[in-house]
Amino acid sequence: MKIARNLAMMLVCMLLGIMLALQYRSVNYNQSIASLENKRLEELKEEVIRLQNQKNELQERYQKLEEENQTFARVKAGDSEAVQQLKNNLLKARIFAGLETVRGAGIIITLDDDYPWAVMDAHILDVVNELRASGAQAISVNDERVVAMTEIRSAGDYIMINGKQHKAPFTIKAIANPNYLERALMMIGGVVENLEGDGLKVSIKKSDEIIINKFVDDGTSIRTDLLTPVE
Amino acid sequence: MNKRASRHISFIVFLLLGMLMAWQLKSTLNARRAAAANALDANMLREQITELQQDIEELRAAIDENIALQNEIIREYIELQNDDRMSREWEVIKLHTGLVGVEGPGITITLDDAQVREPGMPSGFFIIHDFDIRTILNDLKIAGAQAVAINGERVVPMSEQICAGPTIIINGNRYPVPYVIEAIGDPDELYEAINTSFKIYELRQFNIKVDIKKTDKIRISKFSGADKLDRFISGLEVVEK
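Analysis parameters
Residues numbered from 1 in each chain as written. Chains lettered and ligands numbered in written order. Predicted model: local features only at pLDDT ≥ 70, side-chain atom pairs only at ≥ 80, totals over all residues. Heavy atoms only, no water. Helix = DSSP H or I, 4+ residues; strand = E, 2+ residues; numbered from the N terminus. Rg over C-alpha atoms; globule rule 2.2 N^0.38 Å. Buried < 20%, exposed > 50% of the residue type's maximum accessible area, 1.4 Å probe, protein only. Areas by Shrake-Rupley, 256 points an atom, 1.4 Å probe, with all protein chains shown as cover. pLDDT = per-residue confidence, 0-100. Contact = heavy atoms within 4.5 Å. Buried area = accessible area lost by both parts, 1.4 Å probe. Salt bridge = Lys/Arg side-chain N within 4 Å of Asp/Glu carboxyl O. Polar contact = N/O pair within 3.5 Å; in protein donor to acceptor, adjacent residues only side chain to side chain. Nonpolar A, V, L, I, M, F, W, Y, C, P; charged D, E, K, R; others polar.

Draft legend 1. Examining the overall build of chain A more closely. Tallying secondary structure elements over chain A gives four helices and nine strands in all. When the elements of chain A are put in sequence order from the N terminus, they spell out α-α-β-α-β-β-β-β-β-β-α-β-β. Radius of gyration (C-alpha) of chain A: 33 Å, far over the 17 Å computed for a compact globule of 231 residues. Dimensions of chain A, computed from C-alpha atoms along their principal axes, come out at roughly 115 × 65 × 40 Å. Looking at chain A residue by residue over its 231 residues, the buried ones come to 42%. By element, 54% of the accessible surface of chain A is carried by carbon and sulfur atoms, the whole surface being about 12700 Å².

Draft legend 2. A look at unusual backbone geometry. With omega at 5°, the peptide bond leading from Tyr115(A) into Pro116(A) counts as cis. Along the chain, Pro116(A) falls in the loop between strand 1 (102–112) and helix 3 (121–133). With an omega of -5°, the peptide bond between Val177(B) and Pro178(B) qualifies as cis. Among the structural elements, Pro178(B) can be located in the loop between strand 6 (173–175) and strand 7 (179–184). A positive phi is found at Asn162(A), a non-glycine position, where the angle reads about 50°. Non-glycine residue Asn207(B) carries a positive phi angle of around 65°. Mapped onto the fold, Asn207(B) is located in the loop between helix 5 (198–205) and strand 8 (209–220).

Draft legend 3. Structural context of the confidence of the model for chain B. Averaged over all residues, the pLDDT of chain B is 86; the fraction at 70 or higher stands at 98%. Predicted as a complex, the structure gets a pTM of 0.77 and an ipTM equal to 0.75.

Draft legend 4. Quick peek at the interface of chain B and chain A. In this complex, chain B contributes 94 residues to the contact, which on the side of chain A involves 89 residues. Between chain B and chain A, roughly 8900 Å² of surface is buried when both sides are summed, and carbon and sulfur atoms account for 65% of that area. The largest per-residue losses of area from chain B upon contact with chain A belong to His96(B), Gln146(B) and Met158(B), which jointly make up 8% of the total buried on that side. For the interface between chain B and chain A, the tally reads nine salt bridges. Ionic pairing is found between Lys228(B) and Glu57(A), a salt bridge with its closest N-O pair at 3.7 Å. Put simply, chain B and chain A have 28 residue pairs in polar contact (both at pLDDT 80 or more) between them. Broken down by secondary-structure element, the contributors of at least two residues to the side of chain B that touches chain A are helix 1 (2–81), helix 2 (84–96), strand 1 (101–112), helix 3 (130–142), strand 2 (147–150), strand 4 (161–164), helix 6 (230–233) and strand 9 (237–238) of chain B. A per-element tally of the side of chain B that touches chain A places helix 1 of chain B first, with 41 residues. By residue class, the composition of the side of chain B that touches chain A is 49 nonpolar, 24 polar and 21 charged.

Rendered as C-alpha cells:
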C-alpha cells in the first residue's frame, strides 16, 4: 500500500516534470512565431511604403506628361506656344544626346605619359566611368564628346575615341551638377591615386565655367542602320 | 506523518499543475490571437501590395503611351520642316541615345559568378566585377554595337557601371548576378569580337559562367529616365555656336 502510494506520487511528479519541459518549449515556440510574424509584417509594411512612393513619383510624371501632351496636341494647328514647347523638349533631348555644346561648372583632369609609363584606354575608361558615377552630365576627352556608344581603345601609339586618333596628353572635361561636384572630386581622388600608382602624370582642376563641345556627327561613328524603333 | 506529508506534497504538486495549465492556456491563446491578427494584417498588406503593383504597371504603360505620342508629334513636326540634318539628328537622339525602344539582330551575353572556386585563391577572382562589365561594354562598342542594355538598363551617354558590394549599379539602379548584356549590331562581328576578347578569356579561366548567343531579334527598351531628362541635364547651359 505504501509502495503503491509512493509509486503513484513518483508517477505524478514525473508527469509534472515532462509537462514542465514540454510547456517551456511550447511557450518559447509561441513567442518565436509571434516575433517572426511581426518581422514579416514589418517587411510587408516597408514594401507598401516603397511602392506607395514609387506610385506617387510615377503619378507626378504622368500628370506632367499629360499636361505637356495637351499642349503638344496643338502643334499641328500651328499654335506658337505648342511649337515652343516641342522645341524645348527637342532641345532637352539634343542636350542629353550630346548634340549641343554646353557650358557649366565642373572639373578638368589631365593625364599624361611619364616615360616609360603611357596612358592606356583602361585609364581613360576608369576616369570617365567615375565621373559618370559621380553625377557628370557631360564629358569630353580631348574635345571628343562622350556619347552612348563612344568607344575608347588603344591602337598602337594612339587611343581611338569616337573613331578618331588621339595622343597624350589627354584632357578630360566634365560638367557636373554643382551639388555633386565636391563628391565628384572626392571620388575622382581615389582614381587619381590609382593612376599615379601606374606612373602617370595627373592633374585636377575645378572650374566654374567649362565648355564641352558637341558631338560632331559625320555619319561614320554613329550608326543606327540595324535599329528598328519599337514604341 | 506519512499521510499528512504526502497530502501536503500532493497539494503542492496539484497547485503547480494548475498553475502550469493556466500558463500554457494563456500562452497558446495569446499566440493564436496574435497569429490571427497578424495573418489578417498580412493579408491586407499583401492585397495592398498587389493593388499598388497594378497601379504602377498601369501608370508606366500610360507614361509610355504619352511618350510615344509626343515622339510621334515631334516626328511629324520634323518631317514638315524638311530639314535633313534635323531628321538625321532626331534619329540619332531616338535610336542611338536610347529615348525609344529598339529592335534588331545582335548577341546576348550572360555572365554568372563561378560555382567552383579553387581553394587558396582569393575569392575576388571568381566573381564578376564592375570593371569586367565596363571592358565588355567597351569591346562591344568597338565592335560596332549600335544599342546595348545591361540587365535591361539601356546604356546612354552618362550610364555608369559601378560596384556596390555583390551588385552593380547601372543608371542608378542596382542589379545582382547574373548579368545579361544585350547588344544590337552585326551578330557575327559582335560574337567574334567578344568570344575572342581577352576579357572573356580571362573570365573563363576563373570558371565564371559565360554564355554568348547570336540572335536575329533582340528588343532593347528605352532609357528608364527618358521622361525625366531634366534631371540629367540640369547643370548644362547651351552655348550657341
